[in-house]
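Structural features, examined
Here is what each chain is made of, one letter per residue.
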Amino acid sequence: MANRILLIDDEEDIQEIISYNLIKEGYEVDTASNGKDGLAFLYQKKYDLVLLDVMMPEMDGIEVCETIRRTSGIKDTLICFLTARNEDYSQIAGLDAGGDDYVAKPIKPKVLVSRINAMLRRKGLIGSDSPFNEHQISVDRERYLLVKKGNEIILPRKEFELIALLMSKPEHVFDRDQILNSVWGTDIIVGNRTIDVHIRKLREKIGEEYIKTVKGIGYKFTYAE
């Protein structure tokens with residue numbers, strides 16, 4: 001059974017673009033143009049994830065999110081906000097209201113799909129019929145290993161922590177300071193060369209295509225085509 005997504009956004013062009021790309025990836029998608037209609041959908045059907053615009057008439061996204069979080073039966077639904085570029089207030093308010101993540105407009109379909117993929121994987125909601133089976137790579141945090149095309153790849157601790165960090169936000173660029181602080185901590189002094197060596201070893205084990213270098217900044221994880 002395909003994962004079901006509810007898109008709540010008052011812009012018709014946004015609805016069309018996002019729906020088209022998600023349906024193409026194998027998702028079931030329903031759309032609503034305002035918060036009240038969106039909640040009506042949620043009371044009638046079970047959704048794995050809600051894509052929620054912040055600025056809408058009648059009932060804005062923050063109110064919808066707060067209502068979802070206090071309503072039995074739907075309060076655990078994943079929520080990803082759609083916010084305007086550089087709209088820091090909306091992004092913070094959305095997360096404070098109980099949102100799980102946000103994606104900035106204008107929406108890049110590939111980035112949105114990757115972000116949804118990561119959220120569903122973390123929640124354990126991607127099943128055997130997932131549209132993402134083509135990627136066939138995931139992190140098993142409980143057993144501390146990577147699974148690629150059904151094969152288990154055992155990694156040294158720091159390599160595992162590094163790939164888990166990158167995969168936590170596909171297409172997000174982690175700079176070197178973020179990587180050093182997250183993987184090695186602030187109490188241990190290591191050089192930038194240490195990161196490069198670990199990246200090289202990971203690429204040898206999982207493939208060159210998954211980890212991209214962003215020159216002068218750091219690295220990002222991307223699902224292979």
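The preceding data block contains the structure.
All values reported here derive from a predicted model rather than from experimental measurement.

1. Comments concerning the overall build of the chain
Each helix and strand in the chain was counted, giving eight helices and 11 strands. Scored against the burial criterion, the 225 residues of the chain give a buried share of 49%. Here the contacts in the chain between residues at least 6 apart in sequence split such that 54% fall between residues at least 24 apart. Per element, the accessible surface of the chain, about 11,800 Å² overall, is 48% carbon and sulfur.

2. So, the pattern of salt bridges
The full count for this structure, using the stated rule, is 13 salt bridges. Across the pair Lys205 and Glu159 runs a salt bridge whose closest N-O atoms are separated by 2.8 Å. Of the two residues, Lys205 sits in helix α8 (residues 192-206) while Glu159 sits in helix α6 (residues 157-168), which places them 46 residues apart along the sequence. Under the relative-accessibility criterion, Lys205 is labelled partly exposed at 36%. With relative accessibility at 3%, the residue Glu159 sits in the buried group.

3. A word on the side chain of Arg4
Looking at the secondary structure, you find Arg4 in strand β1 (residues 4-8). Not counting the four nearest positions on each side in its chain, Arg4 is found in contact with Glu28, Lys45, Lys46, Tyr47, Asp48 and Leu49.

4. What about unusual backbone geometry?
Across the junction of Lys105 and Pro106, the peptide omega takes the value 0°, indicating a cis bond. Its place among the elements puts Pro106 in the loop between β5 (101-105) and α5 (109-123). The backbone phi angle of Glu58 is positive, close to 70°, even though this residue is not glycine. Mapping Glu58 onto the fold places it in the loop between β3 (49-53) and α3 (61-69). With a relative accessible area of 58%, Glu58 lands in the exposed category. Positioned with a positive phi, Glu171 is a non-glycine residue whose angle comes to about 75°. Looking at the element boundaries, Glu171 is found in the loop between α6 and β9 (174-175).

5. Considering the environment of Gly216
Looking at the secondary structure, you find Gly216 in the loop between β10 (211-214) and β11 (218-221). Residue class for Gly216 comes out exposed when judged on its relative accessible area of 83%. In this structure, the C-alpha to C-alpha distance between Gly216 and Arg176, residues 40 residues apart in sequence, is 9.3 Å.

6. A few points about the packing of helix α1 (residues 12-24) against α5
Interhelical geometry of α1 versus α5 gives an angle of 60° and a closest axis separation of 10 Å. Judged on the interaxial angle alone, α5 and α1 are oblique. The way α1 lies across α5 gives a crossing that is right-handed. Counted together, Ile17, Ile18, Asn21 and Leu22 of α1 and Pro109, Leu112, Val113 and Ile116 of α5 form the full contact between these two elements. Taken together, the residues of the contact of α1 with α5 break down into seven nonpolar, one polar and no charged.

Rules used in this analysis
Residues numbered from 1 in each chain as written. Predicted model: local features only at pLDDT ≥ 70, side-chain atom pairs only at ≥ 80, totals over all residues. Heavy atoms only, no water. Helix = DSSP H or I, 4+ residues; strand = E, 2+ residues; numbered from the N terminus. Buried < 20%, exposed > 50% of the residue type's maximum accessible area, 1.4 Å probe, protein only. Contact = heavy atoms within 4.5 Å. Areas by Shrake-Rupley, 256 points an atom, 1.4 Å probe, with all protein chains shown as cover. Salt bridge = Lys/Arg side-chain N within 4 Å of Asp/Glu carboxyl O. Axes fitted to C-alpha atoms, helices over the stretch in contact; angles between N-to-C directions. Parallel < 35°, antiparallel > 145°, perpendicular 65-115°, else oblique. Left-handed = near helix turned anticlockwise from the far one by under 90°. Nonpolar A, V, L, I, M, F, W, Y, C, P; charged D, E, K, R; others polar.

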